[in-house]
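Single-letter residue listing:
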Amino acid sequence: MCSSEHPQHWMLCPQCDLMTQLPPLNTGQKANCPRCHTTLTANWSEPRKRPSGYALAALFMLLLANLFPFVNMHVSGLSSEISLMAIPRVMVSEDYASLATLFLLFVQAVPAFCMVAILLLVNPLPLPQPLRVLMARVLFQLRSWGMAEIFLAGVLVSFVKLMAYGDIGIGSSFLPWCLFCLLQLRAFQCVDRRWLWRQIAPEPALPSPPRAGVSGLRQGLRSCPCCTAVLPVERYRCTRCGTGALARRRHSLQWTMALLLTSFLIYIPANIMPIMVTEALGDKMSSNIMAGVILLWSDGSYPVALVIFIASIMVPSLKMLAIGWLCWDARGHGSRDSEKMHVVYEVVEFVGRWSMIDVFVIAVLSALVRIGQLMNIYPAVGALLFAAVVILTMFAAMTFDPRLTWDREPENNLKESSLDGK
């Protein structure tokens, strides 16, 4: 095999399907797609030590964060203190086990599993090959579902909301949690997908000589969505990781529109129905998302009111409109500006998770504000509906195939990817 046709030197862009010949990368460089500018691969220095160090430190910080008190509140001589593990217990006691499950999965279990998986995969440990392949597949599928940093943002918003009622303090585990959020993000960043899969299994041979600057679909080739191997378009299951896929996601637009319509139907009652109930001196007051924004604004907390309004009102609304726009464009309508639509898709993917801030705010408030007859806060059904909206819109963005927006583009005969230093 000619060295220029080695599978290690070729890659189909997962976003626009352009066949790209990867140039040699120096340490600290990354290769970007010349058409849509998606990062294809990176050459990190010490690719084993760096992610291992960050992942191990993140797990240690996570352990500390769960062992000690997290935040506390003092009101009129009474005090309340919670740990991270107390939050799901309170939600279960209020018959909101579904919210407790979401908290445990997205905030604790998924980030912890990903850190353990990184430790086991980047180091040459004697693991069974099927287990290594399975862990790698799950790692990259769960990556976008970890929401530790979003929960931290929700905690900070909760502080501002509670300052009007009493003194808020941080516990011994607050700083470890902040460090955990930073370390787990850094651990993810230092793991290159192509490098990791090469440590697990070699890349399959190229089915035919590739042509740079031509889409894989027009060459009868497709990319594995999990390990990035280049495969014949008729092969359904990847020979390296076993992931089943087609050249384009089957019924992508239909699935996306179905999920989008469902999320829109739930979004209306999620904004109308109360998301939490505040009980003060025996009087109960229900509030929805917009009422919380208005209350914060009237109290002078303008930045926090804007954060909640943007994350909980504007972002979900604009995200649903953007996904609908992407589907409309992919059907051949509109200006057919693929570069602009790619930017829209990237923004939708990035901001989608952050709408969970309000759900995590309610989780913190309902667990912390338990001060006898003086004041209590409980979650309400609107919080569960809003969480369902966020999850459904995330699934809608995942089922949309961004390569559909590029299939109408003429070939630009670009030979190599662009280089960027990190």
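Here the structure is a predicted model, which is why all the values come from computation and not from measurement.

Caption draft 1: Local environment of the packing of helix 10 (residues 302–330) against helix 11 (residues 338–351). The contact between helix 10 and helix 11 brings their axes to 10 Å, and the two run at 145 degrees. Classified by chirality, the crossing of helix 11 by helix 10 is left-handed. Contacts from Val-315, Lys-319, Ala-322, Ile-323, Trp-325, Leu-326 and Asp-329 in helix 10 reach Lys-340, Met-341, Val-344, Tyr-345, Val-348 and Val-351 in helix 11. For the contact of helix 10 with helix 11, the per-class residue count stands at ten nonpolar, no polar and three charged.

Caption draft 2: Just the layout of surface pockets, in detail. By volume, the second largest pocket amounts to about 380 Å³. If you go around the second largest pocket, you meet 21 residues; those closest to its centre are Gln-8, Pro-23, Leu-25, Thr-41 and Arg-198. Sort the elements by how many residues they give to the lining of the second largest pocket and helix 7 (residues 193–200) lands first, with three residues. Grouping the constituent residues of the lining of the second largest pocket by class yields twelve nonpolar, six polar and three charged.

Caption draft 3: Structural view of helix 12 (residues 357–368). With twelve residues, helix 12 extends 16 Å between its outermost C-alpha atoms, agreeing within 8% with the 16 Å of an ideal straight helix rising 1.5 Å per residue. Along helix 12, twelve of the twelve residues are buried, which leaves the element largely enclosed by surrounding structure. Among the residues making up helix 12, those that are buried are Ile-357, Asp-358, Val-359, Phe-360, Val-361, Ile-362, Ala-363, Val-364, Leu-365, Ser-366, Ala-367 and Leu-368.

Caption draft 4: The nonpolar core, seen in detail. Core analysis: the largest hydrophobic core is formed by 121 residues, its most contacted members being Phe-151 and Trp-177. For Phe-151, the contacting residues outside a window of four places in its chain are Phe-70, Leu-84, Ile-87, Phe-103, Val-107, Trp-177, Phe-360 and Val-364. Counting ten residues, the second largest nonpolar core, distinct from the first, contains Met-11, Cys-13, Cys-16 and Leu-40.

Caption draft 5: Broad picture of the domain arrangement of the protein. Taken domain by domain, the protein holds domain 1 (10–21 + 45–247) and domain 2 (250–406). Computed over C-alpha atoms only, the centres of domain 1 and domain 2 are separated by 21 Å. Counting from both sides, the interface comprises 41 residues of domain 1 and, opposite them, 42 residues of domain 2. Both sides together, the interface formed by domain 1 and domain 2 hides about 4,000 Å², and carbon and sulfur atoms give 78% of it. Where domain 1 meets domain 2, there are one salt bridge. Put simply, Arg-353 and Glu-149 hold a salt bridge, and the shortest N to O gap is 2.9 Å.

Caption draft 6: View of the pattern of salt bridges. Considering all chains together, one arrives at five salt bridges under this definition. Between Arg-194 and Glu-203 there is a salt bridge, with the nearest N and O atoms lying 3.1 Å from each other. For Arg-194, a relative accessible area of 2% gives the class buried. A relative accessible area of 15% means that Glu-203 is categorised as buried. One continuous salt-bridge network, built from bridges that share partners, spans Asp-17, Arg-248 and Asp-407.

Caption draft 7: Molecular detail of the side chain of Gln-219. By the element assignment, Gln-219 lies in the loop between helix 7 and strand 8 (221–223). Ignoring any residue separated from it by four or fewer positions in sequence, one finds Gln-219 in contact with Met-19, Ser-208, Pro-209, Pro-210, Arg-211 and Val-214.

Caption draft 8: Structural detail: the packing of aromatic side chains. The final tally for this structure, using the stated rule, is ten aromatic pairs. Between Phe-106 and Trp-145, the ring centres sit 5.6 Å apart and the planes meet at 25 degrees, which makes this aromatic pair stacked. Within this pair, whereas Phe-106 is found in helix 3 (residues 97–122), its partner Trp-145 is found in the loop between helix 4 (129–142) and helix 5 (148–162), the two being separated by 39 residues in sequence. The pair Phe-106 / Trp-145 is uniform in exposure class, with both members buried. Arranged with centres 5.8 Å apart and planes meeting at 45 degrees, the rings of Tyr-345 and Phe-400 form a pair that is tilted. On the criterion of sequence distance, the pair formed by Tyr-345 in helix 11 and Phe-400 in the loop between helix 13 (381–399) and strand 14 (418–421) is long-range, its members being 55 residues apart. As far as burial versus exposure is concerned, Tyr-345 and Phe-400 are alike and both buried. Taken together, Phe-70, Phe-103, Phe-151, Phe-159, Phe-174, Trp-177, Phe-180 and Phe-360 form an aromatic cluster joined through their ring pairs. Above the plane of the ring of Phe-140 lies Arg-193, whose end atom (NZ or CZ) is 4.2 Å from the centre.

Caption draft 9: Structural view of the UniProt feature "transmembrane region" (unreviewed entry) in the protein. Feature annotation in UniProt places "transmembrane region" (unreviewed entry) on residues 54–76, 96–122, 142–162, 168–188, 258–282, 302–326, 347–371 and 377–400, given in this structure's numbering. Its end C-alpha atoms 38 Å apart, residues 96–122 is made of 96% helix and 0% strand. Measuring from the first to the last C-alpha atom of residues 302–326 gives 33 Å, for a span that is 100% helix and 0% strand.

Caption draft 10: Seen up close, the packing of helix 2 (residues 86–93) against helix 3. The N-to-C vectors of helix 2 and helix 3 enclose an angle of 160 degrees; their axes lie 7 Å apart at closest approach. Taken together, the axes of helix 2 and helix 3 are roughly antiparallel relative to one another. Helix-helix and strand crossings are classified by hand; for helix 2 and helix 3 the assignment is left-handed. Between helix 2 and helix 3, the residues in contact are Ile-87, Pro-88, Met-91 and Val-92 and Ala-97, Leu-99, Ala-100, Phe-103 and Leu-104, respectively.

Caption draft 11: Summary view of the side chain of Asp-401. Along the chain, the position of Asp-401 falls in the loop between helix 13 and strand 14. Here Asp-401 falls in the buried class, since its relative accessible area comes to 1%. Contacts of Asp-401, omitting those with residues within four sequence positions, involve Arg-248, Arg-249 and Ser-252.

The rules behind the values
Residues numbered from 1 in each chain as written. Predicted model: local features only at pLDDT ≥ 70, side-chain atom pairs only at ≥ 80, totals over all residues. Heavy atoms only, no water. Axes fitted to C-alpha atoms, helices over the stretch in contact; angles between N-to-C directions. Helix = DSSP H or I, 4+ residues; strand = E, 2+ residues; numbered from the N terminus. Left-handed = near helix turned anticlockwise from the far one by under 90°. Contact = heavy atoms within 4.5 Å. Nonpolar A, V, L, I, M, F, W, Y, C, P; charged D, E, K, R; others polar. 1 Å grid on protein atoms, 1.4 Å probe; cavity = no way out; pocket = protein on both sides within 12 Å on 5 of 7 lines; lining within 4 Å. Points joined across faces, edges and corners; volume = space filled by probe spheres on them. Expected span 1.5 Å × (residues − 1). Buried < 20%, exposed > 50% of the residue type's maximum accessible area, 1.4 Å probe, protein only. Core = buried A, V, L, I, M, F, W, Y, C linked by side-chain atoms within 4.5 Å. Domains from an automatic or database assignment. Buried area = accessible area lost by both parts, 1.4 Å probe. Salt bridge = Lys/Arg side-chain N within 4 Å of Asp/Glu carboxyl O. Phe/Tyr/Trp six-rings, centres within 6.5 Å; stacked < 30°, edge-to-face > 60°. Lys NZ or Arg CZ within 6 Å of the ring centre and 35° of its normal. UniProt positions renumbered as here; feature names shortened; annotations may be inferred. Parallel < 35°, antiparallel > 145°, perpendicular 65-115°, else oblique.

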